[in-house]
Amino acid sequence: MKAVEDIFNNSSMKKIILFLLVVAPFFSWGLFGALNNFNSQKDDATAELLRMAIFASGGHESYIVKTQQLLRDIARSSAVLSGKKIECKEFLSILDKVLGNNIYTGFAIADTKGDIWCTNLSTSEGEVVNIADRLYFKQVMETKAFSVGEYQTGRLSGIIGIP
């Protein structure tokens, strides 16, 4: 107890304690203000990113509709319906050249097990690429309806995109 009394009797310690009692609230107030400002800026940045995403997605809706129609037409084509790999590959290669490859990284046809049997992209002879684990494939198999995939790297193209 004597040691505590000595601390408070020491004039230098009294000044330090008084200084801390006066300065600490201002420091805390400044820290709280800075933290509050940071959170406000973070909220503003999040809101701006959301606005940009909504703006960007507006133009993509028409691409999705056009892609859905294109894929429907590809599925109904005689080259795909024939089941002949060479005829199908030639058809998809021509289609890719006609479209100019500005939007699509390539085309592939998979069976119900997810094995790609036809593509205009380069593959090794005998190579089996399977997409059964991809979300879009699972959704198509479950719903029997058009599905848009997640942002990912294409197994055949090696290009990041949305299948």
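Calculation rules
- Residues numbered from 1 in each chain as written.
- Predicted model: local features only at pLDDT ≥ 70, side-chain atom pairs only at ≥ 80, totals over all residues.
- Heavy atoms only, no water.
- Helix = DSSP H or I, 4+ residues; strand = E, 2+ residues; numbered from the N terminus.
- Buried < 20%, exposed > 50% of the residue type's maximum accessible area, 1.4 Å probe, protein only.
- Contact = heavy atoms within 4.5 Å.
- Disulfide = S-S within 2.5 Å.
- Expected span 1.5 Å × (residues − 1).
- Arc of directions from axis to C-beta.
- Patch = residues over 30% accessible without salt bridge, like charges linked within 9 Å, V, L, I, M, F, W, Y side chains within 5 Å.
- Areas by Shrake-Rupley, 256 points an atom, 1.4 Å probe, with all protein chains shown as cover.
- Salt bridge = Lys/Arg side-chain N within 4 Å of Asp/Glu carboxyl O.
- Core = buried A, V, L, I, M, F, W, Y, C linked by side-chain atoms within 4.5 Å.

K.L.:
Would you explain the overall build of the protein chain in this entry?
P.N.:
Across its full length, the protein chain holds five helices and four strands. Reading the protein chain from its N end, one meets helices and strands in the order α-α-α-α-β-β-α-β-β. Taken over 163 residues, the protein chain has a buried fraction of 18%. Within the protein chain, contacts between residues at least 6 apart in sequence are counted, and of these 37% link residues at least 24 apart.

K.L.:
What exactly am I supposed to notice about the state of the cysteines here?
P.N.:
Evaluation of the coordinates by the stated rule reveals one disulfide. One disulfide bridge connects C88 with C118, the sulfur atoms lying 2.1 Å from each other. Taking the torsion about the sulfur-sulfur bond, which here is approximately -105°, the covalent link between C88 and C118 counts as left-handed. Linking C88 in helix α4 (residues 85-99) with C118 in strand β2 (residues 116-119), this pair joins segments that are 30 residues apart in sequence. Both residues of the pair, C88 and C118, count as buried.

K.L.:
Quick question: what am I supposed to make of α4 here?
P.N.:
Two residues of an α-helix separated by three or four positions point the same way, owing to the 3.6 residues in each turn. With 15 residues, α4 should cover 21 Å at 1.5 Å per step; its first-to-last C-alpha distance of 21 Å lies within 8% of that length. Within the span of α4, buried status applies to C88, L92, L95 and D96. Projected onto a plane normal to the axis of α4, the buried residues spread over an arc of 100° and lie on a single side. Looking at α4, the residues exposed on the side facing more than 90 degrees away from the buried face are I86, I94, K97 and V98.

K.L.:
So what exactly am I meant to see when it comes to unusual backbone geometry here?
P.N.:
Residues other than glycine predominantly adopt negative phi, and peptide bonds predominantly adopt the trans conformation. If you check the backbone angles, K144 has positive phi at about 60° while not being a glycine. Mapped onto the elements of the fold, K144 is located in the loop between α5 (135-143) and β3 (152-153).

K.L.:
Help me understand a nonpolar patch on the surface, please; the structure alone is not making it clear to me.
P.N.:
Where nonpolar side chains cluster on the molecular surface, the patch consists of I64, L71, F146, V148, Y151, I160 and I162 and spans about 660 Å² of accessible area. By secondary structure assignment, the location of I64 is in helix α2 (residues 11-76). Of the residues examined, I64 reaches a relative accessible area of 35% and is grouped as partly exposed.

K.L.:
What is the right way to look at the nonpolar core in this model?
P.N.:
As a rule of thumb, soluble globular proteins bury nonpolar side chains together. Within the largest apolar cluster, 10 residues are counted, these being L70, I74, V80, C88, L92, L95, Y104, F107, I109 and C118. At the level of elements, α2 and α4 are the ones that each hand at least two residues to this core. Sort the elements by how many residues they give to this core and α4 lands first, with three residues. For Y104, the contacting residues outside a window of four places in its chain are K66, T67, L70, D96 and L99. Counting residues in hydrophobic clusters, the runner-up holds seven residues, among them L121, V129, I131 and Y136.

Keep in mind these numbers describe shape, not what the thing actually does.
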